[in-house]
Amino acid sequence: MRPVEIKDGIFWVGAIDWSERDFHNFLTRRGLTYNSYLIIDEKIALVDTVKHKFVGESLERIRKIVDPSQIDYIIINHIEPDHSSGLPDMIRVAKDATVICSQRAKEDLRKYYGDGWETKTVKGGEELKLGKRTLLFFDMTMLHWPDSMATYIKEDKILLSNDAFGQHVASEGRFDEDLGVEEALYWAKLYYANILMPLASLIRKKLGEIQKLGLEIEMIAPSHGVIWKNPSKIIEAYSRWANFESENKVVIVYDSMWNSTERLATAIAEGAGSQGADVKIFHVRKDPWVDIVTEILDAKSIAVGSPTIHNGLFPTVAGFLTYLKGLKPQNKKALAFGSYGWNGNAVKEIQKVFEELKLETLEPLMIKFRPNEDELQKAFELGVELAR
Ligand code: FEO
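Residues numbered from 1 in each chain as written. Predicted model: local features only at pLDDT ≥ 70, side-chain atom pairs only at ≥ 80, totals over all residues. Heavy atoms only, no water.

Asks: Which residues make up the pattern of salt bridges, and what are the values?
Replies: All chains considered together, the criterion is met by 19 salt bridges. Between E20 and K51 there is a salt bridge, with its nearest N and O atoms 3.8 Å apart. With E20 in the loop between β3 (15–17) and β4 (22–23) and K51 in the loop between β8 (44–47) and α1 (55–63), the pair connects residues that are 31 residues apart, well separated along the chain. Note that K325 is salt-bridged to E356, the shortest N-O span being 3.2 Å. Placement of K325 in helix α11 (residues 315–327) and of E356 in helix α12 (residues 345–356) is noted, with a sequence separation of 31 residues between them. (Salt bridge = Lys/Arg side-chain N within 4 Å of Asp/Glu carboxyl O. Helix = DSSP H or I, 4+ residues; strand = E, 2+ residues; numbered from the N terminus.)

Asks: So what's going on with the sheet that holds strand β10 (residues 98–101)? Residues and values would help.
Replies: The strands that make up a sheet pair up through hydrogen bonds in the backbone, lying either parallel or antiparallel. Reading across the sheet, the seven strands line up as β1-β2-β7-β8-β9-β10-β11 and stay open at both edges, with mixed pairing between neighbours. Among the strands making up the open sheet, the edge pair consists of β1 (4–7) and β11 (118–121). With direction set aside, neighbouring strand axes in the sheet form an average angle of 25°. The pairing of strand β7 (residues 37–40) with β8 spans four bridges and is classified as antiparallel. In the sheet register, I39 faces β8, and the bridge partner there is A45. Set on the sheet, helix α4 (residues 103–113) makes contact with β10 and β11; between it and β10 the angle comes to about 125°. (Pairing = 2+ DSSP bridges. Axes fitted to C-alpha atoms, helices over the stretch in contact; angles between N-to-C directions. Contact = heavy atoms within 4.5 Å.)

Asks: Lay out the pairing of strand β13 (residues 134–139) with the relevant residues and their values.
Replies: The element β13 is extensively covered by neighbouring structure, given that five of its six residues are classed as buried. When strand β12 (residues 127–129) meets β13, the two strands line up antiparallel, connected through three bridges. Bridge assignment links E127 to a residue of β13, and that residue is L136. Hairpin remark: β12 followed by β13, antiparallel, with four residues in the connecting loop; positive phi at G131, about 145°. Pairing geometry for β13 and strand β14 (residues 149–153), over five bridges, is antiparallel. Of the residues in β14, the one forming a bridge with F137 is T151. (Buried < 20%, exposed > 50% of the residue type's maximum accessible area, 1.4 Å probe, protein only.)

Asks: So, empty space enclosed by the protein: which residues are in play, and what are the values?
Replies: Over the atoms, a rolling probe the size of a water molecule traces out where space has been left empty. On inspection of all chains with the given rule, the structure shows two cavities of 30 Å³ or more. M140, L143, A164, F165 and K206 are, among the 14 residues lining the largest cavity, the residues nearest its centre. If you tally residues by element for the lining of the largest cavity, the top one is helix α7 (residues 200–213), at four residues. Among the residues making up the lining of the largest cavity, the classes are represented as twelve nonpolar, no polar and two charged. (1 Å grid on protein atoms, 1.4 Å probe; cavity = no way out; pocket = protein on both sides within 12 Å on 5 of 7 lines; lining within 4 Å. Points joined across faces, edges and corners; volume = space filled by probe spheres on them. Nonpolar A, V, L, I, M, F, W, Y, C, P; charged D, E, K, R; others polar.)

Asks: I'd like a description of the packing of α7 against helix α8 (residues 231–242), backed by residues and values.
Replies: As a packed pair, α7 and α8 sit with axes 9 Å apart at the nearest point and diverge in direction by 140°. As the angle between them shows, α7 and α8 are arranged oblique. When the axes of α7 and α8 are compared, the crossing they make is left-handed. Contact with α7, carried on its side by A200, I203, R204 and L207, involves I235, Y238, S239 and A242 of α8 and no other residues of that element. Residues of the contact of α7 with α8, tallied by class, amount to six nonpolar, one polar and one charged. (Parallel < 35°, antiparallel > 145°, perpendicular 65-115°, else oblique. Left-handed = near helix turned anticlockwise from the far one by under 90°.)

Asks: Give me the layout of surface pockets: which residues, what numbers.
Replies: The computed volume of the largest pocket comes to approximately 310 Å³. Taken together, 17 residues line the largest pocket, and the ones lying closest to its centre are M257, T308, Y340, G341 and W342. Sorting the residues of the lining of the largest pocket by element identifies α9 (260–274), β20 (308–309) and β22 (333–340) as the ones contributing at least two each. The class makeup of the residues in the lining of the largest pocket is seven nonpolar, ten polar and no charged. Reported here for the second largest pocket is a volume of approximately 250 Å³. If you trace the second largest pocket, you find it lined by F165, R204, L207, G208, I210, Q211, L215, I217, P231, S232, I235 and S239. Among the elements of the structure, α7 and α8 are those that each provide at least two residues to the lining of the second largest pocket. Among the elements that make up the lining of the second largest pocket, the one with the highest residue count is α7 (five residues). Residues of the lining of the second largest pocket, tallied by class, amount to seven nonpolar, four polar and one charged.

Next comes the structure, spelled out in structure tokens:
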């Protein structure tokens, strides 16, 4: 368990969770990391702790650099337990450390863990001098929790961004270039789509603020995944995603009882494909939802299909729509479709969700029992329309 020096006197001392496959229902098929950073200066600061069961691993890395009882500050950028649940154990060792966090974090940390430590609250724009280095705190309220903030090391031009710019992937290498920048961007997109998509307008605002401040960022060190030595790549990607810039792509998502809704889905796919669109088709019961919404993020059109059962949505589609609604995709054409026996309520329910999301909808396609040739042709034409 070795630390990794990411810049002179600044170390990664986090933990790698190779085997976790479920991060509060987010499929982490390649595991994940909990990143924690140790800054050695006249004062010693630890930025973010790790999930409680990995505190031993983090301490092992810290002890290779310094006696953890000498830590002066523990900065809690965000209280979600994947970052903060290690705090009580860490502070038993770093017993003289002062916790630095936002006011909201102070209140909510107490709710989670009680309080047995000294806390100093900071606001966005405040600074903390460590010696040669200065930490500048950034208000990140609701990005993605009310307590969230980020820490910028001014002299080193490193942004310790916590969840923002993170990825759920475990790897031996600590940097984007070790994993491969393109692969790191793929995992970052998956993370963004499933966690940050509903916060697009706040992210646009925050990116604008950073630009206005003229802040130089040479490295972004998030609290999950690899560290960005190429920060412009991930900042540009966030700007594209937050603006819902779309590719020439149509995503079709469905479930089926007796293959009728499936036949409609494939006819729609053929129609969209005939126009040169990149077509992605997902079976909502068989394909991971994390992958589906990652493709939806930058699709120009989506189609969601469900058979009607018990006068309503097929339960898998209902669950997926609940997930999708929370993620608030924007800037897309949308088509609701499905087969029914004696009422088509499922399709009406899908349409209702699209309308709540304020997506531009096409006339829904409701087919009684098995689609005939004319009805499949209609589905094909709707696919063409989605791709145009
Ligand atoms: Fe919002 Fe990584 O926790």
